[in-house]
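Commentary on secondary and tertiary structure
Here is how the chains run, residue by residue.
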Amino acid sequence: MAYGKKVLDHYENPRNVGSFENSDEIGTGMVGAPACGDVMKLQIKVGNDGVIEDAVFKTYGCGSAIASSSLLTEWVKGKTLDEAQAIKNTQIAEELALPPVKIHCSVLAEDAINAAIADYRQKNN
Amino acid sequence: MDERVVAEMLKYMGPESSFGNPASRSHSFGWEAEAAVEMARKQVADLVGANPKEIIFTSGATESDNLAIKGVAHFNQKRGKHIVTCKTEHKAVLDSCRQLEREGYEVTYLDPMQNGLIDLEVLKDALRDDTTLVSIMHVNNEIGVIQDIEAIGKICRERKIIFHVDAAQSAGKVAINLEQLPVDLMSFSAHKIYGPKGIGALYVQRKPRVRLEAQMHGGGHERGMRSGTLATHQIVGMGEAFRIAKEEMVAENERLLKLRNKLYDGVKDMEEVYVNGDIDHRIAGNINISFNYVEGESLLMALNDLAISSGSACTSASLEPSYVLRALGRNDELAHSSIRFTMGRYTTEEEIDLTIEHVRQAVEKLRELSPLWDMYKEGIDIASIEWAAH
């Protein structure tokens, strides 16, 4: 499989790899399944102003899944929850030039941020 | 392809070549082509201890498997419509069986043992009075395990059941003597042993004579079992590849085994590393390893300058985990985390050193990235989590 330059860049130098200790200012989304060969864990740290201060990820999956989640952590930093929620998988797929068989990786990344936001909102309701 | 194979083939392709039709007996070019084909037939037969008259040329092992399985099933349908094979067979065998199921046949797909080998008692239990064919591969393409075809063949003989063996991955890598083996049909491929693509053969035993229904009808070539003009240059290439394999196999296997042991020794001290398939009953040039909690394709990306594959090459475009590893009872993570390392005629010791280095670095890096690795380290049972399949 030939990978695009941006996928390779994120694979070689993944951004924001890591984990946050669980607390009220943290939202965690874990999506995918080992059976499907993809598990993404994305965490956001949200400030009092409702802006995402920091984001980290860990992903078990192919290069495109790693790149999708890595890119997403870059994009959501500095965004409000609503802005982050508005990010669509198609934007990720386009930015990374994902081939059709890898579109599901971008879908998973969208699911991951939505799950993380939902988790944060539930804790801070 | 081996350059010696290319050189032989070119003799039958360029303007200076012998370009006759081997079926044209009325001119000398035809004779020359026929002689070349018969020489190649002998070379193929010699590697596996067969009589040249028992070798039928086909377009490859896929066609040979189709011809053997459907041909025998169709020919013997009045005797019975039950076939036995194994879940870890090549798709050419499995899909031929699926086709027969659509035609009203019954197929039993045996589960192999955890080491990939067939349990002979399980095989015996699966045989019925209406079983006409057993098809078991000699060497598995993903995990390289070698089945005991002699024992399986004996069981089939006792029950007067025809035994087909897909030997695409074993010819030239494992000694085969069909004169002694209780095998009725055997499929071969040229390109797996440095011959050209698009050519293969089927061994059809003559004594006792195995009969099958042709799949390709036409001019009655290959004793009526496979019509179509013989591809002289392809066949010559296959013959040369088999000749070279016969000459070099013993020394080559010794060399490959050293390389494989070196590779395995270089990674086996890492945590959560599992060999898939029996380590002893295995061809020298294959090892299949699961690096738990690291997804296979992402690991392959780190090794992209080395020719290695995750799952079988024929299904590398699919996102499914290896069906072979699933049949061995491997869980999802392990099945998704497997890498097949194949060593061959052109693999060097330096490449093995490089592979070990790349694999170790990549596995370490990807585990740092893996949420499953974290969970493993925290002692969380991954199977206990309710995952939402997507």
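Residues numbered from 1 in each chain as written. Chains lettered and ligands numbered in written order. Predicted model: local features only at pLDDT ≥ 70, side-chain atom pairs only at ≥ 80, totals over all residues.

Another aspect to go through is the overall build of chain A. On a plain count of helices and strands, chain A comes out with five helices and three strands. Tracing chain A from N to C terminus, the helices and strands come up as α-β-β-β-α-α-α-α. Seen through its principal axes, chain A has C-alpha atoms that stretch 45 × 30 × 20 Å. The buried share of chain A, reckoned over its 125 residues, is 48%. The long-range fraction of contacts in chain A, counting pairs at least 24 apart against all pairs at least 6 apart in sequence, stands at 64%. (Helix = DSSP H or I, 4+ residues; strand = E, 2+ residues; numbered from the N terminus. Buried ≥ 20, exposed ≤ 12 C-beta atoms within 10 Å, placed from the backbone. Contact = placed C-beta atoms within 7 Å.)

When helices and strands are tallied, chain B shows 12 helices and 10 strands. Its C-alpha atoms give chain B a radius of gyration of 22 Å, within 12% of the compact-globule value 21 Å for 390 residues. Counting only C-alpha atoms, chain B reaches 75 × 55 × 35 Å along its principal axes. The burial tally for chain B puts 48% of its 390 residues in the buried class. A separation threshold of at least 6 residues defines the contact pool for chain B, and within that pool the share at least 24 residues apart is 72%. (Rg over C-alpha atoms; globule rule 2.2 N^0.38 Å.)

As a further point, take the sheet that holds strand β2 (residues 38-46) of chain A. All names here are of chain A. Across the sheet, which stays open at both edges, the three strands sit in the order β1-β2-β3 with antiparallel pairing between neighbours. For this open sheet the edge positions go to β1 (26-33) and β3 (52-60), each flanked by a neighbour on one side alone. Here the average twist between neighbouring strands, direction ignored, is 10°. Note: β2 against β3, eight bridges, orientation antiparallel. Residue pairing for β3: Leu42 is matched across the bridge by Phe57. Across the face of the sheet, helix α2 (residues 63-76) comes into contact with β2 and β3 while running at roughly 175° to β3. Taken strand by strand, helix α5 (residues 103-123) contacts β1 and β2, and its axis lies near 145° from that of β1. (Pairing = 2+ DSSP bridges. Axes fitted to C-alpha atoms, helices over the stretch in contact; angles between N-to-C directions.)

Looking now at helix α6 (residues 149-158) of chain B. All names here are of chain B. Those residues of α6 that sit buried are Ile149, Ile152 and Cys156. Projected down its long axis, α6 carries its buried residues within an arc of 65°, all on one side. Pointing more than 90 degrees away from the buried face of α6 are the exposed residues Glu150 and Glu158. (Arc of directions from axis to C-beta.)

Before going further, it helps to spend a moment on the interface of chain A and chain B. Counting residues at the interface gives 24 residues for chain A, matched by 22 residues for chain B. Secondary structure elements with two or more residues in the side of chain A that touches chain B: β1, β2, β3 and α2 of chain A. Among the elements that line the side of chain A that touches chain B, the one with the most residues is β1 of chain A, at four residues.

It is worth spelling out the nonpolar core at this point. Within the largest apolar cluster, 139 residues are counted, with the highest numbers of intra-cluster contacts made by Met40 and Ile113 of chain A together with Val44, Val48, Met186, Tyr203 and Ala241 of chain B. No other element matches the 10 residues that helix α7 (residues 232-267) of chain B contributes to this core. Excluding residues within four positions of it along the chain, Ile113 of chain A makes contact with Gly29, Leu42, Leu72, Val76, Ala84 and Ile87 of chain A. (Core = buried A, V, L, I, M, F, W, Y, C linked by C-beta atoms within 7 Å.)

We now examine the sheet that holds strand β6 (residues 185-189) of chain B. All names here are of chain B. Spatially, β1-β7-β6-β5-β4-β2-β3 is the arrangement adopted by the seven strands of the open sheet, whose pairing is mixed. Sheet topology places β1 (55-58) and β3 (106-110) at the edges, where each strand pairs with a single neighbour. On average, each strand axis in the sheet is tilted by 20° relative to the strand beside it, whichever way the strands run. Relative to strand β7 (residues 200-204), β6 runs antiparallel, the two sharing five bridges.

Here the focus is the confidence of the model for chain B. All names here are of chain B. Of all residues in chain B, 92% have pLDDT values of 70 or greater, and the mean over the chain is 91. This model gives residues 311-319 a pLDDT under 50, and the stretch forms 12 contacts once residues within four places in sequence are excluded. Interface scoring of the predicted complex returns ipTM 0.93; its pTM is 0.87. (pLDDT = per-residue confidence, 0-100.)

Let's shift gears to the pairing of strand β4 (residues 131-135) of chain B. All names here are of chain B. Among the five residues that make up β4, five are buried, leaving the element largely enclosed by the rest of the structure. Alignment of strand β2 (residues 82-86) against β4, held across three bridges, turns out to be parallel. When the bridges of β4 are listed, Ile83 appears paired with Leu133. For the crossover from β4 across α6 to strand β5 (residues 162-166), the handedness is right-handed. (Right-handed = clockwise from strand over helix to strand, strands pointing away.)

We now examine helix α2 (residues 28-48) of chain B. Across its 21 residues, α2 of chain B extends 31 Å between first and last C-alpha, which sits within 8% of the 30 Å expected from 1.5 Å per residue. If you check which residues of α2 of chain B are buried, you get Ala33, Ala36, Val37, Ala40, Arg41, Gln43, Val44, Ala45, Leu47 and Val48 of chain B. (Expected span 1.5 Å × (residues − 1).)

Bringing the environment of Gln169 of chain B into the picture now. All names here are of chain B. Of note, Gln169 is situated in the loop between β5 and β6. On the basis of neighbour count, Gln169 is assigned to the buried category, with 25 C-beta atoms found within 10 Å. When the C-alpha positions of Gln169 and Leu67 are compared, they lie 18 Å apart, and in sequence the two are 102 residues distant. Excluding anything up to four places from it in sequence, Gln169 contacts Val139, Asn140, Asn141 and Lys192.

So, about the packing of α2 of chain A against helix α4 (residues 89-96) of chain A. Residues and elements named next belong to chain A. The geometry of α2 relative to α4 is characterised by a closest axis approach of 10 Å and an angle of 110° between their N-to-C directions. With respect to α4, the element α2 is oriented roughly perpendicular. Of the two elements, α2 crosses α4, and the hand of that crossing is right-handed. On α4, the residues touching Ser64, Ala67, Ser68, Leu71 and Leu72 of α2 are Ile92, Glu95 and Leu96. Here the residues of the contact of α2 with α4 are counted per class, giving five nonpolar, two polar and one charged. (Parallel < 35°, antiparallel > 145°, perpendicular 65-115°, else oblique. Left-handed = near helix turned anticlockwise from the far one by under 90°. Nonpolar A, V, L, I, M, F, W, Y, C, P; charged D, E, K, R; others polar.)

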